[in-house]
Amino acid sequence: MSLLAVNNLTITFRNRRSTAETAVVKAVSFSLEAGETLGIVGESGSGKSMLSLAIMGLLPGDARLSGSIRLGGQEVVGASDRALDALRGREAGMIFQEPMTALNPAMTVGAQIAEGLCLRGGLSRADANAEALALMEQVRLPEARRRFASYPHEMSGGQRQRVGIAIALALKPRLLIADEPTTALDVTVQKDILDILDELVRERAMALILISHDLGVIARSAARTLVMYRGDMMEDGPTVQVLRQPQSDYTRQLIAALPRRSRRSLEGAAP
Amino acid sequence: MRAGMMRWLRDNKALAAGLVITVSIVVLALLSLFWVPMSPTKMNIAQKLKGPLENGFSSGLLGKDHFGRDIASMLMVGARYSLTVALASVAIGAMIGTALGVTAAARPGFTGAALGRLNDAIFALPPILSAIMLGALMGPGTTTAILAIGTFMIPVFARVTRGAAMQVRARDYILAARMAGEGEVTITLLHVIPNIASQIIVQVAIQLAMAILTEAGLSFLGLGTPPPAPSWGRMLADSQTYLLKAPHMALAPGLAIALAVLGFNLLGDGLSRLIDPRRRIER
Amino acid sequence: MSGNRAPLVEVIGLSRRYALPGGRNLQALDNVSLSVAPGEILGIVGESGCGKSTLARIVMALDRPTSGNVLLEGDDLFALSPRELARRRRNFQMIFQDPYGSLDPRMSVARIIAEPLRLLPERLSRAEKAKRVAAMLEDVGLRAEDGARFPHEFSGGQRQRIAIARALITRPKLVVADEATSALDLTVQAQILRLLRDLRARHGLTMLFISHNLGVIEEIADRVGVMQAGRLLEIGPTAAVMENPREEYTRRLLAAEPTLDFLEQPA
Ligand SMILES: Nc1ncnc2c1ncn2[C@@H]1O[C@H](COP(=O)(O)OP(=O)(O)OP(=O)(O)O)[C@@H](O)[C@H]1O
Ligand SMILES: Nc1ncnc2c1ncn2[C@@H]1O[C@H](COP(=O)(O)OP(=O)(O)OP(=O)(O)O)[C@@H](O)[C@H]1O
Ligand SMILES: [Mg+2]
Ligand SMILES: [Mg+2]
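No experiment lies behind these values; they were computed from the predicted model shown. (Residues numbered from 1 in each chain as written. Chains lettered and ligands numbered in written order. Predicted model: local features only at pLDDT ≥ 70, side-chain atom pairs only at ≥ 80, totals over all residues. Heavy atoms only, no water.)

**Q** Can you help me understand the coordination of the magnesium ion (ligand 4) in this one?
**A** Six octahedral donors at a metal ideally form angles of 90 or 180 degrees, and four tetrahedral donors ideally form angles of 109.5 degrees. All names here are of chain C. Ligation of the magnesium ion (ligand 4) by protein atoms is provided by Ser53 (OG) and Gln97 (OE1), these donors lying 1.9 to 2.1 Å from the ion. Of this pair, serine 53 sits in helix α1 (residues 52-59) while glutamine 97 is found in the loop between β6 (92-95) and α3 (109-114), placing the two residues 44 residues apart along the sequence. Look at serine 53 and you get buried, because its relative accessible area is 16%. (Donors = N, O, S within 2.8 Å, 3.2 Å for Na, K, Ca; no water. Helix = DSSP H or I, 4+ residues; strand = E, 2+ residues; numbered from the N terminus. Buried < 20%, exposed > 50% of the residue type's maximum accessible area, 1.4 Å probe, protein only.)

**Q** When you look at the coordination of the magnesium ion (ligand 3) in this model, what are you seeing that I'm missing?
**A** Residues and elements named next belong to chain A. Surrounding the magnesium ion (ligand 3) are the protein donor atoms Ser49 (OG) and Gln97 (OE1), at 1.9 to 2.1 Å. With serine 49 in helix α1 (residues 48-56) and glutamine 97 in the loop between β6 (92-95) and α3 (99-102), this residue pair connects regions lying 48 residues apart in the sequence. For glutamine 97, a relative accessible area of 16% puts it in the buried group.

**Q** What's the story with the packing of helix α2 (residues 13-31) of chain B against helix α3 (residues 71-106) of chain B in this structure? I'm lost.
**A** In helix packing, the relevant descriptors are the interaxial angle and the interaxial distance, both defined with respect to the helix axes. Residues and elements named next belong to chain B. Relative to each other, α2 and α3 sit at 110°, their axes nearing to 8 Å. Judged by the inter-axis angle, α2 sits roughly perpendicular to α3. By crossing handedness, the relation of α2 to α3 is classed as left-handed. For the pair α2 and α3, the contacting residues are Ile25, Val26, Leu28, Ala29 and Leu31 in the first and Met76, Ala79, Arg80 and Leu83 in the second. Looking at the contact of α2 with α3 residue by residue, the class counts come to 8 nonpolar, no polar and 1 charged. (Axes fitted to C-alpha atoms, helices over the stretch in contact; angles between N-to-C directions. Parallel < 35°, antiparallel > 145°, perpendicular 65-115°, else oblique. Left-handed = near helix turned anticlockwise from the far one by under 90°. Contact = heavy atoms within 4.5 Å. Nonpolar A, V, L, I, M, F, W, Y, C, P; charged D, E, K, R; others polar.)

**Q** What is the right way to read the sheet that holds strand β2 (residues 25-36) of chain C from this model?
**A** As a general point, the strands of a sheet are linked pairwise by backbone hydrogen bonds and lie either parallel or antiparallel. All names here are of chain C. The sheet built from 4 strands is open, its strands ordered β2-β1-β4-β5 with antiparallel pairing. Sheet topology places β2 and β5 (75-76) at the edges, where each strand pairs with a single neighbour. Examined bridge by bridge, strand β1 (residues 9-19) and strand β4 (residues 67-72) share 5 bridges and lie antiparallel to one another. Each bridged residue has a counterpart across the sheet, and for isoleucine 12 the counterpart in β4 is asparagine 69. (Pairing = 2+ DSSP bridges.)

**Q** What am I meant to see in the nonpolar core here?
**A** Buried together is how nonpolar side chains tend to be arranged in soluble globular proteins. Membership of the largest hydrophobic core comes to 53 residues, with the highest contact counts inside it found for Ile95, Ile113, Val140, Leu168, Leu196, Met207 and Phe209 of chain C. Residue contributions to this core reach at least three from each of two domains, namely domain 1 (1-91 + 173-267) and domain 2 (96-171) of chain C. In contact with valine 140 of chain C, not counting residues within four places along its chain, are Arg161, Ile164, Ala165, Gln191, Ile192 and Leu195 of chain C. Listed in part, the 51 residues of the second largest apolar core include Tyr173, Ile174, Val192 and Phe264 of chain B. (Core = buried A, V, L, I, M, F, W, Y, C linked by side-chain atoms within 4.5 Å. Domains from an automatic or database assignment.)

**Q** Which parts of the structure should I look at to understand the packing of aromatic side chains?
**A** Think of a pair of aromatic rings as described by two things: how far the centres are apart, and how the planes are tilted against each other in angle. All names here are of chain C. Summed over all chains, the structure comprises 1 aromatic pair over all chains. Here the basic side chain of arginine 149 rests over the ring of phenylalanine 154, its NZ or CZ set 4.4 Å away from the ring centre. Here the guanidinium or amino end of arginine 159 rests over the ring plane of tyrosine 100, the centre of that ring lying 4.0 Å away. (Phe/Tyr/Trp six-rings, centres within 6.5 Å; stacked < 30°, edge-to-face > 60°. Lys NZ or Arg CZ within 6 Å of the ring centre and 35° of its normal.)

**Q** Quick question: what am I supposed to make of the interface of chain C and chain A here?
**A** Interface size is commonly expressed as the accessible surface area that is lost when the partners come together. Contact with chain C, which involves 54 residues of that partner, is made by 56 residues of chain A. For the pair chain C and chain A, the summed buried area comes to about 4500 Å², and 57% of that belongs to carbon and sulfur atoms. If you sort the residues of chain C by the area they bury against chain A, Leu186, Leu260 and Leu263 of chain C come out on top, with a joint share of 17%. One can count 6 salt bridges joining chain C with chain A. Measuring nitrogen to oxygen at the nearest pair gives 3.2 Å for the salt bridge that ties glutamate 143 of chain A to arginine 24 of chain C. Counting across the interface, chain C meets chain A through 16 residue pairs in polar contact (both at pLDDT 80 or more). If you list the elements that add at least two residues to the side of chain C that touches chain A, you get α5 (156-168), α6 (186-203), α7 (214-220) and α9 (248-256) of chain C. Its residues placed into classes, the side of chain C that touches chain A shows 24 nonpolar, 15 polar and 15 charged. (Buried area = accessible area lost by both parts, 1.4 Å probe. Salt bridge = Lys/Arg side-chain N within 4 Å of Asp/Glu carboxyl O. Polar contact = N/O pair within 3.5 Å; in protein donor to acceptor, adjacent residues only side chain to side chain.)

**Q** Sorry if this is basic, but what is going on with the domain arrangement of chain C here?
**A** Residues and elements named next belong to chain C. Its domain assignment divides chain C into domain 1 (1-91 + 173-267) and domain 2 (96-171). A C-alpha centroid distance of 23 Å is found between domain 1 and domain 2. Each side of the interface is counted separately: domain 1 has 21 residues, and domain 2 has 18 residues. Summing both sides of the interface, domain 1 and domain 2 together bury roughly 1600 Å²; the carbon and sulfur share of this comes to 63%.

**Q** For this particular structure, what's the right way to read the sheet that holds strand β5 (residues 74-75) of chain A?
**A** Residues and elements named next belong to chain A. Taken together, 4 strands build an open sheet; the order of strands is β2-β1-β4-β5 and the sheet is antiparallel. Every other strand in the sheet has two partners, leaving β2 (21-32) and β5 as the edge strands with one partner each. Judged from the 8 bridges that link them, strand β1 (residues 4-14) and β2 form a sheet pairing that is antiparallel. Along β2, the bridge assignment pairs leucine 9 with valine 28. Its contacts with the sheet place α1 against β1, β2 and β4 (63-71), and it is angled at close to 115° to β1.

Below you can see the structure in the form of structure tokens.
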């Protein structure tokens, strides 16, 4: 049985002005095994983040969803708040696209990483703090010990993003959804972060959903890729095939829009 | 639709209960402007100290006091005074306090520190003390109670809004407003206050509960609304002499005060849960 | 592109220190000097946390340096009176790195985008404002009717485009773009880069373009500066820096870029 099975998932928002509903995710189905990495690429606004939030049971209150999401054999759609709470953290974790929205501005970053370890991980304060510090070093936050007591607004964009990554990694979830996890990181730190994620997939059989606009990132980490366009799933297949022999117009446009540099590298390998 | 409402009720029990209680009190208070069961000032010695419904409907739903006045009617009219004093004093505290708080947040240096000291000074004046002093100056009465409670609320609101405003000011949209050439006053009015409004509203509800309690305390001491206007605090004070003979005389205003305080506290609690940013993310 | 005209912006020996918890200082910017000619697009790449956003904020007069100076059209930015500074703001705008944080959650998108219009010397009618906002929304690939919605109703990339629209609506001479395309998919990214190039061709837009995406930098920047730990390591024409990096860090950066060439042809 798959770790994650999404079936016929549709997410709609009701318009404020009229009674019409707009579907932002339309009848999407896919599944994911433990130890597998699924890349998701797609147009801006195509529903990638909404799909992730739905899996985490974190959709905004005005969203409606139908279909089914089974995570570790348990149904997420319509589950009670308490059941969802139990799933989050241990079973599924998420790196949010916009780090600031998920960080508490009034709490030091160290305390925020340690908080989950205390509440859900059952660690003592001291152990949680030590573990949080180790995580900060792992995600390459410089001067982690001194940065422990910094507030989010005292950090650079990429440093905040790494705090978000540390929070998600803290509980060692079985499924990790990484929504644009490296947009604020330079390519050297990005490489380290992707290495950490790849290692968790390989050694702890974590399942990873990696959402990115960077086809290079997708190509290096995900063996399988799903392409979304305006709420529809356009393709789901081996990354090589999706990028080399795109089936949909949108994927072709995507590849045509690659910066010269990346296209050279895509074509460079072609015989 | 129905299911959505049930869910909302389940998620917001405190808020729903708070709303029911406070709205009923406000409705009863307003109703007293047009209609009361019996006149709250008319004495009837024959009925004095009669318990609830002791002589049928003529002794009133909640009984009669030591002058034979109808307690239910007195409570209704008293609610009006309680609410007036509470609303007016919280309005004073919220307006001046918020103005001080957002100014202190906008000018963290000297001005902020000076405002902080001023706050501490006001905070050192509990409402009972300032009511006695003000009462000596201008005589006891509704205005005295409002001013005494209102000044005490200023630092409460100043602290809450200063903290909230500092957080809002750390956000990039304040920088974006500065890029649009906006000055501190415009930024405060356009960006800071709307974004801390929800916190102010929560505080208003909580402080209304405080104000009702304090107003009752002041009139208990004879520093509030003067007789013959009925007031919850004075009803409680009057009941002391008859505590054994007519316990309903103490119970009725006591419960009314407790219920009002509970209602506004639940409302504040429920509202703050509703707008807590961390709960919002977790939905 | 960097002809011998007088520079539009000149950054001279800029340093910025922050106090860290525990009493130590952090040198976020260390003696950075550079200049940008009118109509030039200067790319900035560098390590995360090396001071790029700090540089951006100081050049936009949103923060003050510990030492050093910024000259805008030859005038010392920090010696301008507040009124003069406000008058000049219409000529320089910024796209913030964190789009959501830079959008007031209580304001409709149309109001957010229209906000800098108050900087223009002429007072625009309500209809004129609405027209410009609608046109700007369409330029960045959103719909005119999206103006009535609020920031939280948009996706990450859509919010980034709202921030771009706000920065461009006054037709500024200088735009500092801090990771302005990081949340955009390739097709929208190409559209935005086209828009920026077009604005440069037609109005001589000058840009300080901060990005981690080397491909984007190569597409749009005339020159590129490489930063690490608060210092500007090297600066030069984009092609030259990318083909023949002088610094070890630049070489490491170029080597770490994820590429597509190891995707084998499917059988
Ligand atoms: N609260 C809301 N009300 C109405 N529509 C919404 C709301 N939140 C999101 N949407 C719409 O849902 C669509 C999908 O949004 P989502 O955030 O999933 O996109 P995305 O694929 O993550 O895009 P990006 O790559 O830009 O982050 C968008 O078109 C957005 O405008
Ligand atoms: N308000 C502040 N207080 C203390 N330190 C700060 C503050 N703002 C920034 N810093 C520190 O200054 C350094 C430079 O930050 P800056 O935001 O300029 O980096 P950046 O180059 O933009 O990085 P990124 O690419 O990750 O966005 C970082 O180490 C950051 O932690
Ligand atoms: Mg998204
Ligand atoms: Mg930055």
